[in-house]
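# Commentary on secondary and tertiary structure
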Amino acid sequence: MKLKTILIGSIILLTTFLIYLTTLDKLVYFLALGDSLANGKTPYGESDYGYNDYLRDYIDNKNILEKYINGFIVDDYRITDLVRDIEDNRKIVINNKKQSIKNALIKADLVTLSIGMNELYYKLNTASLENNEIYEHIDEMMEDMDELFNLLRKYCKEDIIIVNYFRSTSLLNHDKIEEYFKYVNTLLKNKSEKYKIHYVEIDKTLEDNTLYLPMTNNYFPSRNGYEAISKDLIKKVDETLLK
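What you are looking at is a predicted structure, and each value in this text was computed from that prediction instead of being measured.

Conventions used here
Residues numbered from 1 in each chain as written. Predicted model: local features only at pLDDT ≥ 70, side-chain atom pairs only at ≥ 80, totals over all residues. Heavy atoms only, no water. Pairing = 2+ DSSP bridges. Helix = DSSP H or I, 4+ residues; strand = E, 2+ residues; numbered from the N terminus. Right-handed = clockwise from strand over helix to strand, strands pointing away. Axes fitted to C-alpha atoms, helices over the stretch in contact; angles between N-to-C directions. Phe/Tyr/Trp six-rings, centres within 6.5 Å; stacked < 30°, edge-to-face > 60°. Buried < 20%, exposed > 50% of the residue type's maximum accessible area, 1.4 Å probe, protein only. Lys, Arg positive; Asp, Glu negative; His and termini not counted. Salt bridge = Lys/Arg side-chain N within 4 Å of Asp/Glu carboxyl O. Polar contact = N/O pair within 3.5 Å; in protein donor to acceptor, adjacent residues only side chain to side chain. Contact = heavy atoms within 4.5 Å. pLDDT = per-residue confidence, 0-100. Core = buried A, V, L, I, M, F, W, Y, C linked by side-chain atoms within 4.5 Å.

## A look at the pairing of strand S2 (residues 65-69)
Each regular strand displays side chains that alternate between the two surfaces of the sheet. As judged from the 4 bridges shared by strand S1 (residues 28-34) and S2, these two strands associate in the parallel manner. Following the sheet pairing, Val 28 is matched in S2 by Leu 65. Tracing the backbone out of S1, into helix H2 (residues 51-61) and back to the parallel element S2 gives a crossover that is right-handed.

## What about the sheet that holds strand S5 (residues 110-114)?
Read across the open sheet, the 5 strands follow the order S2-S1-S5-S6-S7; overall the sheet is parallel. Each edge of the open sheet is held by one strand with a lone partner, namely S2 and strand S7 (198-200). Strand-to-strand twist in this sheet, taken as the mean axis angle between neighbours without regard to direction, amounts to 20°. In terms of strand pairing, S5 meets strand S6 (residues 159-163) through 4 bridges, oriented parallel. When the sheet's bridge partners are listed, Leu 110 is paired in S6 with Asp 159.

## Quick notes on the packing of aromatic side chains
Within this structure, the stated rule accounts for 10 aromatic pairs. An aromatic cluster of three or more residues is present, and its members are Tyr 121, Phe 166, Phe 181, Tyr 219 and Phe 220.

## As for the pairing of strand S4 (residues 97-100)
As defined by bridge partners, strand S3 (residues 91-94) adjoins S4 across 4 bridges and the pair is classed as antiparallel. Bridged to Val 93 within S4 is Lys 98. Adjacent in sequence and paired antiparallel, S3 and S4 are bridged by 2 residues, among which Asn 95 carries a positive phi angle near 50°.

## Digging into the side chain of Arg 153
Position of Arg 153 among the secondary structure elements: in helix H6 (residues 133-155). Buried Arg 153, no salt bridge; nearest opposite-charge side chain is Asp 159, N-O distance 6.5 Å. Polar side-chain contacts of Arg 153 include one of 2.8 Å to the backbone oxygen of Glu 158. Leaving out residues up to four positions away in the same chain, Arg 153 has contacts with Glu 158, Ile 160, Tyr 195, Lys 196 and Ile 197.

## What about the confidence of the model for the protein chain?
Here the protein chain averages 92 in pLDDT, while 90% of its residues score no lower than 70. Contacts from residues 15-24, a stretch scored under 50 in pLDDT, to residues over four places away or in other chains number 0 contacts.

## Notes on the nonpolar core
Within the largest apolar cluster, 77 residues are counted, with the highest numbers of intra-cluster contacts made by Leu 33, Leu 105, Met 145, Leu 148 and Tyr 165. In terms of residue count, H6 provides more of this core than any other element does, 11 residues in total. Dropping the residues within four chain positions of it, Leu 148 is found in contact with Ile 79, Leu 82, Val 83, Ile 86, Leu 113 and Ile 115.

Now the structure itself:
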């Protein structure tokens, strides 16, 4: 009788443990990385509800959000800044505990990334549009991006999503600018495929929509714009991580 009780108790404990493991495996550890766009910066200078916030809410409403980390996002970050953060294993404090970026990457089931917009626009605003200087700058950016993707994949083996580059409204009718954006996005897409990173074309969603890009000479979206971006990311998450 005692042996039977021990056996039944062991089966219950094992079943409970297996259910726990199954449930735990379905939870999503979500790490958001990047620059001002990843931070939800608006054309008016403040940070509002960004695409990462909407995506977090979507996962949370499914009751599968294990953890959400956005503390490594920094306004106006360059690609090389994020590379340095990973190499130096930058740490932040969450709930009085230190959190390193390498540890977050290792644990992450989902990583979102926006990086390089500010350095691309800086060059477009300061260089001549009629020579090879901008092409050379884009090539250098993509060399840095290759280094970043390599580092991300070194620590994160799960789903990574990057958003592509898009034009502000004032740049839409400039043939040379269109050429540059096609060039940089083609290179970015190829790099993404090389490292098995999901590439999301938010330019098709945002460009030529004044509701999403209300200031003609500013590329930061409105809150409506960020919500629209989040829908593109949610679609990709549904097709991959949550399939």
